[in-house]
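# Architecture at a glance
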Amino acid sequence: MAKRTEIAQIFKHPTLNETVTVMGWVRAFRNNRFIALNDGSTAGTLQVVADFDNLGEELLKKIGFHACISVTGTLVESQGAGQRFEVLADTIEVLGETNLEQYPLQPKRQTMEYLRQKAHFRMRTNTFSSVFRIRHGVAYAVHKYYNDRGFYYLHSPIITASDAEGAGEMFRVTTLDLEKLPRTEAGAIDFEQDFFERSTNLTVSGQLQGEIGALALGKVYTFGPTFRAENSNTPRHLAEFWMIEPEMAFYDIHDNMDLAEDFCKYLIQYILENYPEDLQFLDARLQEEEKNLPKEKRRAMGLLDQLRFVVDNDFQRITYTEAIEILQQSKPYKKKQFEFPVEWGRDLQAEHERYLVEKEFQKPVIVRNYPKDIKAFYMRMNDDQQTVAAMDVLFPGIGEVIGGSQREERLDVLVNRMEASGIHPEEMWWYLDLRKFGGAPHSGFGLGFERMVQFITGMGNIRDVIPFPRTPGNAEF
Ligand code: 4AD
Ligand code: MG
């Protein structure tokens, strides 16, 4: 191929009055003369000025929406408003035509639902290319954050025999012939004949293995796909999502909250600094979208203002018990506007979390010390014997982005909690061994990667921040 210059490079270091070759997709074409070309390297498009009287009528017909072309010409300062540079095309080669009558995308606004069905093309739109550039940026920032602070990246397994969350919403992994399942004498499925000689699943969390790492390497993090077969068709749930799980020896719940807050702010700050064009585009997109909404449904702040606000302000920290008291004093509670009951011992629902974050405090909130009965067995029992050292970080518009805790390091307390939760201690022998031999106080949390990307990009539905969403009934691409 001819030597190609990426458009991002041209914007950064323009070589004016020299010949360049650029390759990309036609975003817009007007007056049979001006082509807006995008190659994915940046949110911006490069204007190509083409004189089809010279280049030919045949070629003109092929310059359609999202056609792929290679342009060679002179890079000059633009005479027109709206762009700094343009390329005066000497030659244009069509690398891939599009037949607009058959092409699933059209040069107009299309709904997010429609674009989800065209996931093989949606990344070519302004919105999705910005979202996926930012998604990359957040992933990079995750690794940078932990590497710079002396954490080790631990690859936790994707296939596992343990259910970390005890929630039972797991996808089974098997090579057994489903038509002819082997049975034990008692009539149960005989998993000893399965590939791993036991029943296995896709992991719901890398935490338990993360704990193994923390009790040897001190500070580790996992960053991988996790799978939950929960049948929740909501804008915040995926069946396959990515989670970042740091796990630290010698951290208590307060150290854990400090890390969680600092980490969230770092990720947002990184994108503010490194992806300004994409953020500006998404900010404008959101403002446009909200014009049609009634005032009370609009966001209190624009996207960029909101991100800066989160970075610049301390998160509010409260206990679960305080949260219940605030909710019981709230207007929607008194006016019976909450759908779900608010009483000590019940889990907070999304509507309650949103009230705390969006109405009461108007900033991210960390709720800690939840009742033991609504949280996982591994969370450390508090001295009151009623609550555990759990923490959830709640964000505006998204709700829970982080769930974490100090872990129970006391063997006898842990075994009691397992038994009370219906978990057989002998099945988790290695997890208990970590408490028997060289155990230590330790803590960790899980950040839902897509929920953070959703917050940073302002996208309303989590399906629009993962390239190929997996949800009930959807696994096409
Ligand atoms: O609160 P969760 O279930 O916590 C754990 O799995 C712990 N083992 C983490 C730890 O302590 N190491 O999940 C953590 C986060 C949630 O706060 C949420 O952001 C995200 O994962 N999450 C989901 N994101 C998308 N789709 C789903 N179905 C999700 N379920 C949880
Ligand atoms: Mg949770």
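Below, the structure is looked at part by part. Since the structure is predicted, the reported quantities are computational estimates derived from the model, not experimental observations.

Glu165, Gln207, Glu230, Glu245 and Glu400 are the nearest of the 24 residues found near ligand 1. Here a nitrogen atom of ligand 1 and a side-chain polar atom of Glu230 are 2.8 Å apart. Here Val401 contributes a backbone N or O atom positioned 2.8 Å from an oxygen atom of ligand 1. Bound to the protein, ligand 1 loses 93% of the 630 Å² it would expose on its own. Of all the elements in the fold, those that place two or more residues in the shell around ligand 1 are strand 11 (240–249), strand 15 (399–406) and strand 16 (442–448). Among the elements that make up the shell around ligand 1, the one with the highest residue count is strand 15 (five residues). Residues belonging to the shell around ligand 1 are distributed by class as follows: eight nonpolar, eight polar and eight charged.

Read across the sheet, eight strands follow the order 6-10-11-16-15-14-13-12 without closing on themselves; strand pairing throughout is mixed. Looking at which strands have only one partner, the edges of the open sheet turn out to be strand 6 (152–153) and strand 12 (316–319). Sheet topology note: the strand 12/strand 13 (residues 365–371) ladder contains four bridges and is parallel. Paired with Gln316 across the two strands is Val365, which belongs to strand 13. The strands touched by helix 10 (residues 320–328) within the sheet are strand 12 and strand 13, with strand 12 carrying the most contacts at an inclination of about 95°.

The rules behind each value
Residues numbered from 1 in each chain as written. Chains lettered and ligands numbered in written order. Predicted model: local features only at pLDDT ≥ 70, side-chain atom pairs only at ≥ 80, totals over all residues. Heavy atoms only, no water. Near = heavy atom within 4 Å. Polar contact = N/O pair within 3.5 Å; in protein donor to acceptor, adjacent residues only side chain to side chain. Areas by Shrake-Rupley, 256 points an atom, 1.4 Å probe, with all protein chains shown as cover. Helix = DSSP H or I, 4+ residues; strand = E, 2+ residues; numbered from the N terminus. Nonpolar A, V, L, I, M, F, W, Y, C, P; charged D, E, K, R; others polar. Pairing = 2+ DSSP bridges. Contact = heavy atoms within 4.5 Å. Axes fitted to C-alpha atoms, helices over the stretch in contact; angles between N-to-C directions.

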